[in-house]
Amino acid sequence: MSFLPQLKIPATYLRGGTSKGVFFRLEDLPEAAREAGPVRDRLLLRVVGSPDPYGKQIDGMGGATSSTSKVVIVSRSKRQGHDVDYLFGQVAIDRALVDWSGNCGNLSAAVGPFAIHSGLIDAAALPRDGRATIRIWQANIGKTIVAQVPMRDGQVQESGDFELDGVTFAAAEIELAFLDPGDDAGDTGEGAALFPTGQVVDDLTLPEALVPGGRLRATLINAGIPTAFVEARALGYEGTELQDAINGDAAALARLEAIRAHAALRMGLIRTLEEAKTRQHTPKLAFVAPPAAYRASSGKAVAAGDIDLLVRALSMGKLHHAMMGTAAVAIGTAAAIPGTLVCEAAGGAPRAALRFGHPSGTLRVGAEAVLDGGQWRVTRAVMSRSARILMEGAVRVPAESLIDTKELP
């Protein structure tokens, strides 16, 4: 094949919550990559540096973890009552896969600031000081997110004293409200019930090799992101585990991924267990436990009295270093509904707000749930994050990344 020059594509590298990602304006992408499909996926894979059999993403912008192997595309919204459309891609590290099946709650915090910085919001509509309300259409799940972005002297205020466990430095607080986070429809328009099985707790039937007795209680919920909650003790865990305790055990990771696949099948997200390999981003698998004291990955002591429950969650096959923002929405939602495993672990009484412990520390989240016609519905989930631009300019990508080399002579 002939060797083509590198493409120069305007891009911004941002931290949002406990994640990082490469952000693009839709209009800045090469024309062939502005539509969903293999051309777009190949381009974004090359930007991030995947697939990488070494697992390091050295030749790309990725950071070799699920939290740093992400891409975002933002455009002006044509939907009434919305400012921008936001599309999120979770990029696999070791395989050629961009998973578009769900949202990233952490990077959701960076969408509003990026939209303002990149001129996607009319400057005349922004306050000089105070908080800018940015209404975001989350295209992956077909939901509205309302971000309150702090402004000072007509610019996004990024510095501040808001501390977020899992992020080293303090920054300005951005409040996110996820409206009607259940019943995710996405751009396909194919909705999914808050509880896809109709039950707040299900018994998963699994091979005996995965759990003793071959049965595992689970709360399967669609809120923020499809999530399967199970009890830590049923897996032989305490709920206080840090990353190394799980991620250093290949057998444990394989077992947890197999459980996740069975949950995906029960939730109707896949038709066969084999399909779980092409849907790594959703559902998430999380295990919960009652409050207990532990020492976070930073060395910070977390007292049992400081939290309402313990939660550990897996993302892209590994235990997450903190908590995915969308999974936090699922936690808040499940805690507000009686009978779920999350509610049970938090003491049994439904909660409109709670603080849970994760590997990096603690996080507060709240949700409003109502019983409507015998069915639970969540109208709103709220949490706070922060965001900051790390670098802006352009990414360089070999032009060959737009070409399917298998079709070349």
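Residues numbered from 1 in each chain as written. Predicted model: local features only at pLDDT ≥ 70, side-chain atom pairs only at ≥ 80, totals over all residues. Heavy atoms only, no water.

Caption draft 1: Region of interest: the pattern of salt bridges. For the structure on display, the rule yields 17 salt bridges. In this structure, Glu 27 engages Arg 25 in a salt bridge whose closest nitrogen and oxygen atoms are separated by 3.3 Å. Across the salt bridge formed by Glu 231 and Arg 233, the nearest N and O atoms sit 3.3 Å from each other. A residue is classified by how much of its surface remains accessible, and Arg 233, at 69% relative accessible area, is exposed. The network of salt bridges with common partners includes Arg 25, Glu 27, Asp 28 and Arg 76. (Salt bridge = Lys/Arg side-chain N within 4 Å of Asp/Glu carboxyl O. Buried < 20%, exposed > 50% of the residue type's maximum accessible area, 1.4 Å probe, protein only.)

Caption draft 2: The environment of Glu 35, seen in detail. Relative to the helices and strands, Glu 35 is located in the loop between β2 (19–25) and α1 (38–48). Sequence-wise, Glu 35 and Asp 85 are 50 residues apart; in three dimensions their C-alpha atoms are separated by 14 Å. (Helix = DSSP H or I, 4+ residues; strand = E, 2+ residues; numbered from the N terminus.)

Caption draft 3: Geometry of the pairing of strand β4 (residues 84–91). Of all eight residues making up β4, eight are buried, and the element is well covered by its neighbours. On β4, burial covers both faces: Val 84, Tyr 86, Phe 88 and Gln 90 on one face and Asp 85, Leu 87, Gly 89 and Val 91 on the other are all buried. As defined by bridge partners, strand β3 (residues 70–76) adjoins β4 across seven bridges and the pair is classed as antiparallel. Paired with Ser 75 across the bridge in β4 is Asp 85. (Pairing = 2+ DSSP bridges.)

Caption draft 4: Inspection of the nonpolar core at higher detail. Phe 23, Val 84, Ile 116, Ile 134, Phe 229, Leu 309 and Phe 356 are the most contacted members of the largest nonpolar core, which has 66 residues in total. If near-sequence neighbours (up to four positions away) are discounted, Phe 23 is found in contact with Ala 11, Thr 12, Leu 14, Val 72, Val 74, Leu 107, Ala 110, Val 111 and Phe 114. In terms of nonpolar packing, the next biggest core, distinct from the first, is built from 34 residues, Val 230, Leu 235, Leu 256 and Ile 307 among them. (Core = buried A, V, L, I, M, F, W, Y, C linked by side-chain atoms within 4.5 Å. Contact = heavy atoms within 4.5 Å.)

Caption draft 5: The packing of aromatic side chains, seen in detail. All chains considered together, the criterion is met by two aromatic pairs. We note Arg 40 situated over the ring of Trp 100; from NZ or CZ to the ring centre the distance is 6.0 Å. (Phe/Tyr/Trp six-rings, centres within 6.5 Å; stacked < 30°, edge-to-face > 60°. Lys NZ or Arg CZ within 6 Å of the ring centre and 35° of its normal.)

Caption draft 6: Structural context of the confidence of the model for the chain. Chain-level pLDDT for the chain is 94 on average; 96% of the residues reach the 70-or-more range. Within the model, pLDDT remains below 50 along residues 185–191, and this stretch shows 14 contacts once partners closer than five positions in the same chain are excluded. (pLDDT = per-residue confidence, 0-100.)

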